[in-house]
Amino acid sequence: MTLAPVRHHRWVGSAVTRKEDDELLTGTRPFVADIRDGTELHAHVLRSFAPHARISAVDVTPAREATGVHAVLTAADLPQPVRRIPLRLWPLDGVDRALQPVLAVDRVRYVGEPVALIVADSRYIAEDAAELIEIDYDFLDPVIGLDHATQSNAIELHDHVDRNVAGTVSVGIGDVDAAMRDAHIVASGRFRVNRHSGVPLETRGLVAHFDSNIGHLWVWGPTKVAHFNRIALADLLDLDLERIHFIEPAVGGGFGVRGEFYPEDYLIPYASVVLGRRVAWQEDRSESFLATNHSREQLHDAQLAVDADGRIGALSVRGANSMGGYVRSHGATVATMSAIMFPGPYPVQNYSCDIDCVLENKTPTGTYRGPGRFETNFVRERLVDMAARALDLDPAEMRRQNYIRSDQMPYDFGIDVRMAELHVHQRYDSGDYVRQLDDTLAAADYAGLKARRSILRAEGRCAGIGLASFVEKSGIGSWEYGRVEILPGSGEVLVFTGLAGVGQGIETSMAQIAADELGVDLARVRVVHGDTDVVPRGLGSFASRGTMLGGGAVYLAARRAASAAREIAASALGVGDGDIYFDGSSYGGGAQSISIEEVASLAGETHISDVGIRRGLCGEAIYESEDLGYPYGTHLVFIEIDRGTGVIDIGRYVMSYDVGVAVNPMLVRGQLIGGLAQGLGGALLEEFGYDSDGQPQFASFAEYLMPTATDMPDVEIIVTEHAPSPVHPLGLKGAGEGGAVAAAAALANAVSDATGVDVFELPLTPGRVLDLLARSALHSEDS
Amino acid sequence: MPEARPINTTVNGEVVQTAVEPRLLLSDFLRDRLLLTATKVGCEHGVCGACSVLLDGELVRSCLLFATQVHGHEVVTLEGLREISRVRELMAGLSEHHGLQCGFCTPGIVVAAWAYLRDGGPPDPSAFREYISGNLCRCTGYEGLVEAVCSLAVKGAPAP
């Protein structure tokens, strides 16, 4: 066993500043809209302004003939049958009957649906030409509203999809009926979660370049799940995979919505192939609101059965998840995540959940940070508070006595969902929820806050406290790719990862893991991602899997490279493996030493499948795991409501999160506070509302309000490492989504506490809060 | 197609004499014609602030201006600021405090924050939050940004 006499610096656990930052700060790192060489044509998508209509006639002639226009494509011009966006995840039976064609064929099903593609000399000319296209729409009654869509009088949006239910995700354990009968109290309600979504600051864009001389297609812009999308595109275009090269530029946020396969991911490359020209496309913001995946819209009838002591006996949910006009790449992901995560930190032994995937004439939906958890945390934590109130129990006490205890870990729910090759089994790996709650309450001075609440209420002011506890999931597998190379000459360490960079800092975190395993300085390490020529495979960045799965692959690959280096060094120095040591740049043994660059030279060449010959030291690995890591936490918020305006003032916000082991504590904190900002936005401000005619009520950032610097409260964030993951070699869990998922739950509980009226709907806009206050006034008049 | 109008402007200290369509946005002029791509476009309706530049030293949204409107005026983008030592300090501070993640809003924020510091904005988080509320960031929750700028702002410091 080799031990270096010089202990190298530990990078994992250090809050090092990011390698990504310099180029982003100076604006020198290109995003996809910055990739221009002057040869490109510009594409623009004509979109439906009708929520639901048959297309009876299309005349593109005036557009085609306009100066500067190179092509106008409608469904009729595309290879037949018109391709549909493929399913990537959770292919629930039936959802494939509602897939989206890349251009509308004879019917449009949401405002914003792509109907034609124009390619011209400039974006301005392309948009002018779009106005010349004449489309005759026969308007159909729009199907709007989760309640309405499934009624018998609603038009069916897709053939063979009865009552607009594309499929139902069902989960059940124990005997819910019996538990409900035996219950002392059943807290129940009909809960509505607002449609909103990730809305990254950079809109979607692509640049496609097909070189017809060599039959090679380059596409800049793919991210998140680039390898899957490359395979999908090869299939849809009928082009050999080897001829397609994806390159990921700087990416302006993902949040789940960017990087899935969209119509444009086919149309732009197709246009390039057909024209033999480079084609650039960038959606503008008002298009992005309509065209990029929405999320979160759910409706649940839920019940929580509780005994006389406040012990949770059962949870029963009958719900609906809005899919929009089509089922996109995510299939039944959101409904599935909702169903498996609903119980949260409580050992619910009698649980049933049925969630319909419902189609309606709105923008199609997909995942958004913490899919299924923002929604279900809201419902479940509201029910817990309602039960606590009915029993006159302190909400903190109610939670403490119910949590899964740390000595019950790993806790197997007995919940198992399978669809095709996808499989998830809910078994919480580790966690001390009681300790987390206590840490949160102590940091917040819970007793002090309760005292302050009493004082304010005695003055007639409207103050409230809200708690929400949650369990998150991370590290969904089932594999990820990593390769570590040490270059001859420079001794630079290259780390190739199948992950995607969407702003979360993988070029730093993955470097930290590799640097530790190799025992080198962080400055020596550079992370490469998103280029399919040198990263041959990968599953990508989503569902907080990057640190666990990508980190696992880098860890294994780095160990292989380190091991190969030691062997070569030992041999070169004529000593045994056990007599060698490494000081960060050289190997030493006996009286001699050899630099890592020299060792890399001695390593010669390695053939890497689907990449080619690489020189120097190489360690390649696929890290496999079927086990999820489950981080967790609690949010506590103290609010005061202005009775005149309904505006909520957040006086104190404390958020705790156990991450298992933090690779970079600064990045973890950044994810939590960034996630919290989105959670607050979803709880208070953001909504993609539609009127009953199916017309969107959100044309700009003046209607769709996102948190600004003045909307953020001071937040105390407690990041703990009490429960490393036993399923991961470094004990890591993810941190990407935890900040977003409990804000609505905590705020809804606080508003219910403050007003004395139960909150069942989001967002908590001033108007909605004023309604609650009005009802609270009625209550106090009655009593 | 409307006739191109001649414009004479200064961008990052260099004289630019050219002709532009009346409807060409300043943001597109800077990015597409002058290849100054540090300035980003996030909404094209003047809310997000990603397109922030300086016009005669004043902070403006380039997506709300036409290129013709800068005829006879001076424009400074991030490319024209990034060699200034105080801007370099600001950038270092932003990195130290993890004030950026995806980096898309960052150029607009650096330009806006630079103007704040230049004009002697106080190291008061409330005041800076108010000021920077015209720049949306979707990734960071603003905390690192506010810390970075407030730690650099010195009350009453003269503009360098």
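So, here is what we can say about the structure in this document. (Residues numbered from 1 in each chain as written. Chains lettered and ligands numbered in written order. Predicted model: local features only at pLDDT ≥ 70, side-chain atom pairs only at ≥ 80, totals over all residues. Heavy atoms only, no water.)

### Regarding the overall build of chain B
Heads up, the condition is: Only DSSP runs of H or I with at least four residues qualify as helices, and only runs of E with at least two residues qualify as strands; both kinds are numbered from the N terminus onward. The quantity called the radius of gyration is restricted to C-alpha atoms. Its globule counterpart is 2.2 Å times the number of residues to the power 0.38. Residue-level accessible areas treat just the shown protein chains as cover; the underlying method is Shrake-Rupley with a 1.4 Å probe. In this tally, Asp and Glu contribute negative charge and Lys and Arg positive charge; neither His nor the terminal groups of the chain are included. Taken as the charge location is NZ of Lys, CZ of Arg, CG of Asp or CD of Glu.
Along chain B, the regular secondary structure elements total five helices and five strands. For 160 residues, the compact-globule estimate of 2.2 N^0.38 gives 15 Å, and the C-alpha radius of gyration of chain B, at 16 Å, lies within 12% of that figure. If you line up chain B on its principal axes, its C-alpha atoms span 50 × 30 × 20 Å. Counting only carbon and sulfur atoms, one obtains 52% of the accessible surface of chain B, whose full area is about 6,300 Å². Across chain B, the 13 positively charged side chains and the 18 negatively charged ones have centroids separated by 3 Å.

### Things to note about the overall build of chain A
Selection criterion: Burial classes: relative accessible area under 20% of the type maximum marks a residue as buried, over 50% as exposed, and values in between as partly exposed (1.4 Å probe, protein chains only). In this description, contact between two residues means that some pair of their heavy atoms is separated by no more than 4.5 Å.
Helix and strand counts for chain A come out as 19 helices and 30 strands. Along the three orthogonal principal directions, the C-alpha set of chain A runs to about 90 × 75 × 45 Å. Expressed as a percentage of the 783 residues in chain A, the buried residues total 65%. Contacts in chain A between residues at least 24 apart in sequence constitute 80% of all its contacts with a sequence separation of at least 6. Here chain A has roughly 26,600 Å² of accessible surface; of this, 46% comes from carbon and sulfur atoms.

### Quick look at the environment of A:Asp309
Residues and elements named next belong to chain A. Topologically, Asp309 is positioned in the loop between β13 (298-306) and β14 (312-324). Look at Asp309 and you get exposed, because its relative accessible area is 57%. Among residues more than four places away in sequence, those in contact with Asp309 are Leu393 and Gln401.

### Focus on the sheet that holds β14(A)
Strands in a sheet are paired, the pairing made by backbone hydrogen bonds, and the direction either parallel or antiparallel. All names here are of chain A. The test is simple: In short, DSSP must find at least two bridges between two strands for them to pair. Axis lines are fitted to C-alpha atoms, over the contacting stretch for helices. Their N-to-C directions set the angle, which ranges from 0 to 180 degrees.
Reading across from one edge, β7-β15-β14-β13-β8 is the order of the five strands in this open sheet, with mixed pairing throughout. Each edge of the sheet is formed by a strand with only one pairing partner; in this case those strands are β7 (165-173) and β8 (185-193). The average undirected angle you get between the axes of adjacent strands in this sheet is 10°. With nine bridges connecting them, β8 and β13 associate as antiparallel partners. Within β13, the residue paired with Ala187 across the bridge is Leu304.

### Digging into the nonpolar core
All names here are of chain A. Definition in use: Residues enter a nonpolar core if they are buried and are Ala, Val, Leu, Ile, Met, Phe, Trp, Tyr or Cys, with the set joined through side-chain atoms within 4.5 Å.
Counting 189 residues, the largest nonpolar core has Ile639, Tyr653 and Leu764 as the members making the most contacts within it. Contact partners of Leu764, with chain neighbours within four places excluded, come to Ile648, Ala683, Leu684, Leu747, Ala748, Val751, Val759, Val769 and Leu772. Counting 44 residues, the second-largest nonpolar core is a separate cluster that includes Val484, Val493, Val527 and Met548.

### Looking at the side chain of A:Arg380
Topologically, A:Arg380 is positioned in helix α10 (residues 373-390). In this structure A:Arg380 touches A:Met341, A:Phe342, A:Pro343, A:Gly344, A:Pro345, A:Tyr346, A:Ser469 and A:Phe470, once residues within four positions along its chain are discounted.

### Some points on the pattern of salt bridges
Residue and element names in this part refer to chain A. To be explicit about the condition: Put simply, a salt bridge is a Lys or Arg side-chain nitrogen that is within 4 Å of an Asp or Glu carboxyl oxygen.
The final tally for this structure, using the stated rule, is 59 salt bridges over all chains. Of the charged contacts in the structure, one is a salt bridge between Glu485 and Arg614, with a shortest N-O distance of 2.7 Å. Of this pair, Glu485 sits in strand β19 (residues 479-486) while Arg614 sits in strand β26 (residues 612-615), and the two are 129 residues apart along the sequence. The buried category is assigned to Glu485, whose relative accessible area is 1%. Overlapping salt bridges, with partners in common, bring together Arg47, Arg204, Glu264, Glu283 and Glu287 in one network.

### Some words on the packing of helix α3 (residues 106-118) of chain B against helix α5 (residues 143-152) of chain B
Residues and elements named next belong to chain B. Quick reminder of the rule: Note that the term roughly parallel is reserved for angles under 35 degrees, roughly antiparallel for angles over 145, roughly perpendicular for angles of 65 to 115, and oblique for everything else. For a crossing to be left-handed, the near helix must be turned anticlockwise from the far one by less than a right angle; the clockwise case is right-handed.
Packing of α3 against α5 leaves a shortest axis separation of 10 Å and a crossing angle of 30°. Taken together, the axes of α3 and α5 are roughly parallel relative to one another. Note that α3 runs across α5; the crossing there is right-handed. Facing α3, whose interface residues are Ile109, Ala113, Tyr116 and Leu117, α5 presents Leu145, Val149 and Leu152.

### Section: helix α6 (residues 226-237) of chain A
Residues and elements named next belong to chain A. Put simply, the rule is: Helices are assigned an expected span. That span is 1.5 Å times one less than the residue count.
For α6, spanning twelve residues, the distance from its first C-alpha to its last is 16 Å, which sits close to the expected 16 Å at 1.5 Å a residue. Buried residues dominate α6, accounting for nine of its twelve residues. Every buried residue of α6 is listed here: Ala226, His227, Asn229, Arg230, Ala232, Leu233, Ala234, Leu236 and Leu237. Where α6 is buried, its residues touch β10 (216-220), β11 (244-247) and α7 (263-275). Directly after α6, the chain includes Asp238, whose backbone phi takes a positive value near 60°.

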